[in-house]
Structures are given as structure tokens and as C-alpha cells.
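Working through the structure, step by step
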Protein chains: 2
Amino acid sequence: MEKKLKVYADRMSQPSRAVLTFCRLNGIEFEEIKIDTSKRHQLSPQYTDVNPLRKVPAIVHGNFNLSESHAILVYLVSAFPGIADHWYPTDVFRRAKIQSVLDWHHSNLRYGADHYVINTVLGPALGHPLNPKAASEAEKVLSSSLSNLEKIWLNGNGRFLLGGSQPSIADLSLVCELVQLEVLDEKDRDRILSPYKKVVRWIEDTRAATNPHFDQVHNILFRVKMKLQHPRSMDAEAGTETSSKMGRHSKM
Amino acid sequence: MEKKLKVYADRMSQPSRAVLTFCRLNGIEFEEIKIDTSKRHQLSPQYTDVNPLRKVPAIVHGNFNLSESHAILVYLVSAFPGIADHWYPTDVFRRAKIQSVLDWHHSNLRYGADHYVINTVLGPALGHPLNPKAASEAEKVLSSSLSNLEKIWLNGNGRFLLGGSQPSIADLSLVCELVQLEVLDEKDRDRILSPYKKVVRWIEDTRAATNPHFDQVHNILFRVKMKLQHPRSMDAEAGTETSSKMGRHSKM
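Residues numbered from 1 in each chain as written. Chains lettered and ligands numbered in written order. Predicted model: local features only at pLDDT ≥ 70, side-chain atom pairs only at ≥ 80, totals over all residues. Heavy atoms only, no water.

Going by this rule: UniProt positions are given in the numbering used here, feature names are shortened, and annotations may be inferred rather than shown by experiment.
For chain A, an unreviewed UniProt entry supplies the name glutathione transferase and the organism Pisum sativum. According to UniProt, the comment filed for chain A under the heading Catalytic activity (unreviewed entry) is "RX + glutathione = an S-substituted glutathione + a halide anion + H(+)". Here chain A is described in UniProt, under the heading Sequence similarities (unreviewed entry), as follows: "Belongs to the GST superfamily. Theta family."

Next comes the structure, spelled out in C-alpha cells:
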């Protein structure tokens, strides 16, 4: 039985990026298997055997398979030795608080960010029409979530969630969610994010604490952003412009 | 410092009922503090100190406070001695699978059931107009979630999720979600639930495994259902009819 971890992921999916970044950060040996959801590869019979829910990410570790990124991150902490305690502390109170943030994430930050991006920019690539009304409703959930992030989860002395001085799996998961806003029009992204100064700083701090892996895994977003903004230059493979834009955009 | 657990709950909220039922089942001494969300008690300054997110349920245990029902259930397993292993097994693989079901719950079963019930029946009591279009979209998510429950999570030899022979916190949490469908019109509830025979049996099995606590905590739903169906008889406090109906409805 081959025991090397397999990570089935689409780098356009924010929870996929969280799992990939975590594995690289912690020196976990793994094979990345690309599931291109824009080509509906997650619906293939082969992938249905891996994850019958047909979502990314999923892992196979020996004969054990698992889906849902939060559950995967928690499993990796238990299954691989030597992962630093700050990622998912053994202290029962800190661990419970991290779990609470991760649970909150689903119907708040994830719902808001994901539905906003799908309904303003990415929908057509995934076969959904853009929907301004749904986008406007999603923006309300997103803004309220950002406000709670700023006032509650980032209301501590440390640079990270819950006052932590080092990132946990909740920081990684939530920041991967927010970085997808990079594909929005600059003015939309600014309108949504800029009122939340602590959130903006925390995104940068988490990125800095997890680089170079964070940027490497997220590079695809900057390429997509450019394709959305400059379809002709991308089609012509304008190498020089690409590099200079990448430099600028990778600073988010 | 008083260490007795305080549970802030509204029995009309399905995650509140899951936490209350779990505490009673496991002999955890606690004080239940009612937060009536139909009267917006969750927005009071006193409750905001307990849970700044202003949602139910939340707990206070000594000087530790925590929100999000899944995180609370996991915390209770760690913080109170003697809770049977089947609720949240120490085995890393079973625990990871239970976590995966709980994570899946948020954007699937919870989203579908909650939005369907709010948009067909309960909205007005919470200050929202009924919305047939939103109800129809929620029904799609709910039906797809029920189908996945039936085909994937209940596709084992045992009577419970993931092939378990005894319930876990995932069984309790998901069944509390589904029991809220009790307040729907009988025909809507039948249309939605009856195609999923394993789901219907599993709801009954989980209820039987957790009674009498389960029914005691859920009694409020049967009273609300009756009020919705027979507003006049309830206003007249028709005691006899009430008892006989309760008997029938408590069999769900």
C-alpha cells in the first residue's frame, strides 16, 4: 500500500490552496493531483471514487480518504509528526476557539466571498451566468463577516486571529478565502476590503509568515486576474508585461 | 469563579437543541439560559458580552466562552470526563471523518434546511417576509444534501453515519437540523423527506438512541407546529386536543 499523501486540488479553489500551502509549509511529502473544476474533472468516475461528494480538495493517505479542507488540515496535524503547535494548539481552550473560527467561516466569510466572486467575475468560467442581485446579497454577508473579523477575531494583541503571535490553520484558511478577492476589479476590491485596516494588515502578515509557499500556490490567481483585465495581451503572450504586472499584483 | 457550565440557547434553534440534548445525555451539569431570538434577545448588550457574534448557542464555562455548536460539542467532549468514545472517537481516522461530515453540514444540509424553513414557514416570526423563490432554491440544496446523506454518509453497515453502531456528535447535529422540518406542512415535508428511506430511518434511530432527552428538548417544535396549523385551538388553549396531537407529532 502506497502511503505517500495525495492531494487532489484545483488551485483556483481557496480551500485547495489552504491545504497545498499547509503541506508545503510543514515539509509534508505529497503528490498534487490537479482536478480542473472549470473542465468538470471533479465529476469524473475516477475522482468520484476519491471523493463521492465531487468537490475539491480531497486527500488519499494510504487507504484513507477525506474531504473538506478544515477536516483535512486537522487530520494532517494529527497524522504527520513534528508540526508546530501553533497551527492547531493542543491546549483545549485555544483549540476550541480555532475550531469556532473555522466553523464560523463556512456560512459567513466563505459564503460571502465565494458568492461575490462567482457572481461578479468567475461565474462564466464555471458555467454560471453573472448575477448582480446575488452579488449584492453576497456583498452584505461578506462585509458583515469582514466587520466581525476586524472587531472580534482580530481584536487581540497578536498579529493573528484570537491574539495569536503565530498563525493557526484558521489564519491560513481564512486568508486563502480572502485572497480570491484579488481577481475582482480593483475598485470593487478596495470598496470591500479597505474599510478593514486590521484585516488588510493581517492578510499581509499571514502571507509573509507563510511565504514563499503562499505566493507560489497563489500565483494562478494573479495570472487569472491578468487574463480578466488584459485578455488580448495574455492571448499574445506578452511576456514582458506579464512579468511586470505579476510583480505588482503579487504584493497583495 | 463559578465553573458550572452555562448554555445560552433558544430551543427554536437547531444547533441550540443539539448542545442541550448532548449535555443532558451525558449527565453534564449545566444551567440553560434562554435567549429568545424571536424577541431579539441575542442583540442585548448582556448577550453580546457572552457572544459578540450575537448568535445562539454559546457557552460560558468558568471564564471561557465559546460559540458555534460544532466547536462547543467538541469542547464538551474534551472538557468533561467520562463521555463515551462513540460521540467523538479518539481514533484519528474516525474523528477526521466525523469532522468532515460536520464541515459538510454548514453549506449543505444546514443551508438547505434552514433557508427552506425560514422562507416557507418561520420567516414572519423572525421579521423576514416569506420568499417562494428563495424557498425553491433552498429546496434544491436540501434535496441534494439529503441525497448525499442517503448515498454517502449513510452507506455503511451500522445504523448511524459513517457506518457507526452508536451515534456521534455528527448524528446528533444533523438530526437536530432535520427535525426542524417538522414545522412544515405535512405535504411539503413528505415530498422532501420521503424519497430518502435511510435518512428517515436514521432520524428515528438517532431519536430513539437519545431519548427521552431528545424529545424533551424538541417539544417546542411540536408546539410551534400546532400553533401554525391550528392557531385558534391554541389560542383557546384546548388542552385535550393539544395532548392528543402532541402524541402523534412527537413520533417523527
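From this point, things continue past the structure.
Here we look at the layout of surface pockets
Space left empty within the atom packing is revealed by a probe, the size of a water molecule, rolled over the atoms. Heads up, the condition is: A 1.4 Å probe that fits into a set of points on a 1 Å grid over the protein atoms alone but cannot get out defines a cavity; an open set with protein on both sides within 12 Å along at least five of seven lines defines a pocket, and lining residues are those with an atom within 4 Å of a point. Grid points are joined across faces, edges and corners, and a volume is the space filled by probe spheres set on the points. Secondary structure elements follow DSSP: runs of H or I of four or more residues count as helices, runs of E of two or more count as strands, with numbering from the N terminus. Classes in brief: Ala, Val, Leu, Ile, Met, Phe, Trp, Tyr, Cys and Pro nonpolar; Asp, Glu, Lys and Arg charged; the others, Gly included, polar.
In this structure, the second largest pocket occupies an estimated 360 Å³ of space. Taken together, 21 residues form the lining of the second largest pocket, with Tyr-88 and Arg-95 of chain A together with Val-74, Tyr-88 and Arg-95 of chain B sitting closest to its centre. For the lining of the second largest pocket, the secondary structure elements donating two or more residues are helix 3 (69-79) and helix 4 (92-122) of chain A together with helix 3 (69-79) and helix 4 (92-122) of chain B. Here the lining of the second largest pocket takes 5 residues from helix 3 of chain B, the largest share from any one element. Across the lining of the second largest pocket, the residue classes break down as 13 nonpolar, 6 polar and 2 charged.

Considerations on the UniProt feature "domain: GST C-terminal" (unreviewed entry) in chain A
The sites that carry the UniProt feature "domain: GST C-terminal" (unreviewed entry) are, in the present numbering, residues 91-228 of chain A. The distance from the first to the last C-alpha atom of residues 91-228 of chain A is 45 Å, and the span holds 74% helix and 0% strand.

As for the side chain of Lys-225 of chain A
Short version of the rule: Identification of polar contacts relies on pairs of N or O atoms within 3.5 Å, with a donor-acceptor requirement for protein atoms, meaning one able to donate a hydrogen and the other able to accept it, and with residues adjacent in sequence counted only if both atoms are side-chain atoms.
Structurally, Lys-225 of chain A is set in helix 9 (residues 213-229). At 3.2 Å, the side chain of Lys-225 of chain A and the backbone oxygen of Glu-182 of chain A are in polar contact.

Examining the interface of chain A and chain B
In plain terms, the rule: Contact criterion: two residues are considered in contact whenever any of their non-hydrogen atoms come within 4.5 Å of each other. The term buried area refers to how much accessible surface (probe radius 1.4 Å) is lost by two components on association, counted for both of them together.
At the interface, 25 residues of chain A touch 25 residues of chain B. Summed over both sides, the interface of chain A with chain B buries roughly 2400 Å², with 67% coming from carbon and sulfur. The largest contributions to the chain A side of the interface with chain B come from Leu-53, Phe-93 and Asp-103 of chain A, which together make up 21% of the buried area. Counting across the chain A and chain B interface gives 6 residue pairs in polar contact (both at pLDDT 80 or more). Ranked by the residues each element gives to the side of chain A that touches chain B, the list is headed by helix 4 of chain A, at 11 residues. Considering only residue class, the side of chain A that touches chain B consists of 13 nonpolar, 9 polar and 3 charged.

Brief notes about the nonpolar core
To keep it simple, the criterion reads: Think of a nonpolar core as a cluster: buried Ala, Val, Leu, Ile, Met, Phe, Trp, Tyr and Cys residues, connected wherever their side-chain atoms sit within 4.5 Å. Exposure is judged per residue with a 1.4 Å probe applied to protein chains only, and the accessible area is read against the type maximum: over 50% gives exposed, under 20% gives buried, and values in between give partly exposed. As used throughout, domain bounds are those supplied by an automatic or database domain assignment.
Residues Phe-22, Leu-76, Leu-146, Leu-149, Leu-178, Val-199 and Trp-202 of chain A are the most contacted members of the largest nonpolar core, which totals 68 residues. Looking at which domains feed residues into this core, each of domain 1 (5-83) and domain 2 (92-210) of chain A supplies at least three. When near neighbours in sequence (up to four residues on either side) are disregarded, Leu-76 of chain A contacts Leu-5, Val-19, Phe-22, Cys-23, Ile-28, Ile-59 and Ile-83 of chain A. Within the second largest apolar cluster, 66 residues are counted, among which are Ile-28, Ile-83, Trp-153 and Leu-193 of chain B.

Comments concerning the relation of the copies chain A and chain B
Note the threshold: A least-squares fit on C-alpha atoms brings the copies together, and the residues used are those whose pLDDT is at least 70 in both copies.
The transformation that overlays chain A on chain B combines an axial shift of 0.0 Å with a rotation of 180°, and the residual RMSD is 0.0 Å. Here the copies are linked by what is in effect a two-fold axis. A share of 100% of the interface residues of chain A reappears at the interface of chain B, consistent with the copies meeting face to face through the same patch.

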